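# Results of the structural survey
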Amino acid sequence: MLDKTAVVILTILMTADLSAADAVSFHDTRIVDKKQRQVHADLIFSSDSKSMTVRVADNNYAQVPYDAIDHFSYEFSKKHRFMEGALVMVAWIPAGLIVMTTKSKSHWLYIDYKQDGIPRELVVLLHKREYKKILDTAQRETGKNVENIQEAR
């Protein structure tokens, strides 16, 4: 009796692991909401449903089927950290000057797609640790190239 129960539990666990392998999730992304605030979002590529999902606080913000995607664009931007340096300068001037001379990079993924025949765009801010993996996953999962905007100029 105990052996049959163990086999059943092991089979369930193995099946759950196989279904989880069909989705690739990234948890450090952000999107800009309707109030123009950056909010934390999960970006999920699902091989089973052939769709990309952006989930905010356990709610699906957008679910885009792979065949509805027209193309992906990637861009990174650099900006000086003047305001951050000014704030640090209040505590210690040399550290503030150093912070002011540094730049921050932002990685952006633009997804152009159609929903009910209407063209739409989804903009996702990617984390610096995940952006290369996300770009590779988007291309591998959807079969569409990710255009680098800086290289196109």
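How each quantity is defined
Each chain has its residues counted from 1, running along the sequence as written. Only residues with pLDDT of 70 or above have their local features reported here, since the model is predicted, and side-chain atom pairs are shown and tallied only from 80 upward, although totals for entire chains, interfaces and linings are computed over all residues. As a rule here, side-chain values cover all heavy atoms of the structure and leave hydrogens and water aside. Runs of E in the DSSP output that reach at least two residues are strands. Runs of H or I that reach at least four are helices, and both are numbered from the N terminus. The buried label goes to any residue with under 20% of its type's maximum accessible area, the exposed label to any with over 50%, and the partly exposed label to all in between, with areas taken from a 1.4 Å probe on protein chains only. The criterion used for residue contact is that any of the two residues' heavy atoms lie within 4.5 Å. The accessible surface values rely on the Shrake-Rupley method and a 1.4 Å probe; as for residues, cover is taken only from the protein chains in view. To form a nonpolar core, buried Ala, Val, Leu, Ile, Met, Phe, Trp, Tyr and Cys residues must be joined to one another through side-chain atoms within 4.5 Å. Take a side-chain nitrogen of Lys or Arg and a carboxyl oxygen of Asp or Glu: if they are within 4 Å of each other, that pair is a salt bridge.

### Focus: the overall build of the protein chain
In terms of helices and strands, the protein chain carries 5 helices and 8 strands. Counting every position in the protein chain, which comprises 153 residues, the buried fraction comes to 31%. Put simply, of all contacts in the protein chain between residues at least 6 apart along the chain, 47% involve residues at least 24 apart. Total accessible area computed for the protein chain in this model is approximately 10500 Å², and 57% of it derives from carbon and sulfur atoms.

### Here's the deal with the nonpolar core
If you look at the biggest cluster of nonpolar residues, it comprises 25 residues, and the most contacted ones within it are Phe 45, Met 52, Phe 72, Leu 109, Ile 111 and Leu 122. Of all the secondary structure elements, the ones that give two or more residues to this core are strand S1 (23-32), strand S2 (38-46), strand S3 (51-56), strand S4 (59-65), strand S5 (69-80), strand S6 (103-115), strand S7 (118-126) and helix H4 (131-142). Per-element tally for this core: the top contributor is H4, with 4 residues. Setting aside anything within four residues of it in sequence, one finds Phe 72 in contact with Met 52, Leu 109, Tyr 110, Ile 111, Ala 138, Thr 142, Lys 144, Asn 145, Val 146 and Glu 147.

### Here we look at the pattern of salt bridges
Under the defined criterion, the tally for this structure stands at 2 salt bridges. The closest approach of N and O atoms between Arg 129 and Asp 28, which form a salt bridge, is 2.8 Å. Remark: Asp 28 occurs in strand S1 and Arg 129 occurs in the loop between S7 and H4; sequence separation between them is 101 residues. Owing to a relative accessible area of 30%, Asp 28 belongs among the partly exposed residues under this scheme. A salt bridge links Lys 114 to Asp 70, with the shortest nitrogen-to-oxygen separation between them at 3.3 Å.

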